[in-house]
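Examination of the molecular architecture
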Amino acid sequence: FPECCAPTLITRDMADMGAFLAEHGRAVCKPLHGMGGRSIFVLEAGDKNARVVFETLTEYGTRYAIVQRYIPEIVETGDSRILLVDGEPVPWALARIPSPEDNRGNLAAGAQGRGRPLDDRDRWLCSRIGPVLRERGMMFVGLDVIGGFVTEINVTSPTGIRELDRQFGIDIGGLLVDAVLRRLGRT
């Protein structure tokens, strides 16, 4: 979904990672298969630690990592988790606002979760991505959105249910069970 995403590179080539950082000036670097804010780095072009970060993330070129253009809106509006149930968005997102001491918008890393209604850009992103995920049989997915760009599509650990249920009095788990039953023809 390139029209929905910030510039992103998935590679294990450390020279390509360096070139991406130089091109964009500031980048987020993270492991391809991470979660919970583990091993996420924000680097500036010319950072003398860049090479060691690339070596660490790729295990010297043997594992894939992600490098994305840094999106400064994370500081004010956070990293919003939008949950899709059978391709349809829950009407609220969980904005995860990093603490002043950290770059990471992950609850496990100390970010604060604040529910917010979906905006027009969120709904547009969901209209592009949701039907494709539904077609592929993905019943419960989390889109991470920063500054109007999807930064991750989480298919294995889309958290945020409890926080949104508590803040808005909804039952996302119930919505998921209903969607599964519909798929099975049991409603």
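As a starting point, this report considers the structure included with it. For every chain, the first residue of the written sequence is number 1, and numbering continues from 1 along that sequence. It should be noted that, the model being predicted, local features are given only for residues of pLDDT at least 70 and side-chain atom pairs only at 80 or more, the latter also being counted only at that level, while totals for whole chains, interfaces and linings use all residues. Side-chain measures were taken over the full set of non-hydrogen atoms in the model, leaving aside hydrogen atoms and water.

The helix count covers DSSP runs of H or I at least four residues long, the strand count covers runs of E at least two residues long, and both are numbered beginning at the N terminus. Here G105 is to be found in the loop between β6 (88-97) and β7 (112-117). Residues G105 and S80 lie 25 residues apart in sequence; the distance between their C-alpha atoms is 8.4 Å. Should any heavy atoms of two residues lie within 4.5 Å, those residues are counted as being in contact. Not counting residues up to four positions away in its chain, the partners in contact with G105 are I74, D79, R96, P98 and A111.

Two cysteine sulfur atoms form a disulfide, by the criterion used here, when they sit within 2.5 Å. According to the stated counting rule, one finds zero disulfides in the structure shown. Lacking any disulfide linkage, C29 is separated from the closest cysteine sulfur, that of C5, by 17 Å.

The next subject is the pairing of strand β4 (residues 65-69). Here the term buried applies to any residue with accessible area under 20% of the maximum for its type, exposed to any over 50%, and partly exposed to those in between, with areas from a 1.4 Å probe on protein chains only. Across the five residues of β4, four count as buried, placing the element largely inside the fold. Paired strands, in this sense, are two strands between which DSSP finds at least two bridges. As defined by bridge partners, strand β1 (residues 8-11) adjoins β4 across four bridges and the pair is classed as antiparallel. Within the sheet, the bridge partner assigned to L9 lies in β4 and is V67. Across five bridges, strand β2 (residues 26-31) lies against β4 in antiparallel orientation. Counted as the bridge partner of K30 is I66 from β4.

Quick look at the pattern of salt bridges now. Only one rule defines a salt bridge in this text: a Lys or Arg side-chain nitrogen within 4 Å of an Asp or Glu carboxyl oxygen. This structure, assessed with the given rule, holds twelve salt bridges. Note that E44 and R26 form a salt bridge whose closest N and O atoms lie 2.8 Å from each other. You can see E44 sitting in strand β3 (residues 41-44) and its partner R26 sitting in strand β2, a full 18 residues away along the chain. For E44, a relative accessible area of 39% gives the class partly exposed. With a shortest N-O distance of 2.8 Å, K30 and E152 are connected by a salt bridge. In this pair, K30 is assigned in strand β2 and E152 in strand β9 (residues 149-154), connecting sequence segments 122 residues apart. A residue is classified by how much of its surface remains accessible, and E152, at 24% relative accessible area, is partly exposed. The structure contains a network of salt bridges with shared partners spanning D79, R81, R96 and D144.

A few words on helix α2 (residues 50-58). Of all the positions in α2, only A50, V53, F54, E55, L57 and T58 are classed as buried. Contacts made by the buried residues of α2 are with β1, α1 (14-24), β2, β3 and β4. E59 occupies a position one or two residues after α2 and carries a positive phi of about 50 degrees.

Here the focus is the environment of T11. Mapped onto the elements, T11 comes out in strand β1. Distance in space between the C-alpha atoms of T11 and Y64 is 5.1 Å, their sequence separation being 53 residues. Every residue in contact with T11, bar those within four places of it in the chain, is listed here: D16, M17, T58, R63, Y64 and A65. Between N or O atoms, a polar contact is any pair within 3.5 Å; within protein, one atom must be a potential hydrogen donor and the other a potential acceptor, and residues adjacent in sequence are included only when both atoms are from side chains. At 2.9 Å, the side chain of T11 and the backbone nitrogen of D13 are in polar contact.

The next thing to look at is a nonpolar patch on the surface. Residues F1, I153 and V155 make up a contiguous nonpolar surface patch of roughly 210 Å² in combined accessible area. Along the chain, the position of I153 falls in strand β9. Residues enter a patch when their relative accessible area is above 30% and they make no salt bridge; the linking distance is 9 Å between like charges and 5 Å between nonpolar side chains (Val, Leu, Ile, Met, Phe, Trp, Tyr). The Shrake-Rupley method, run with a 1.4 Å probe sphere, supplies the accessible areas, and residue values consider only the shown protein chains as cover.

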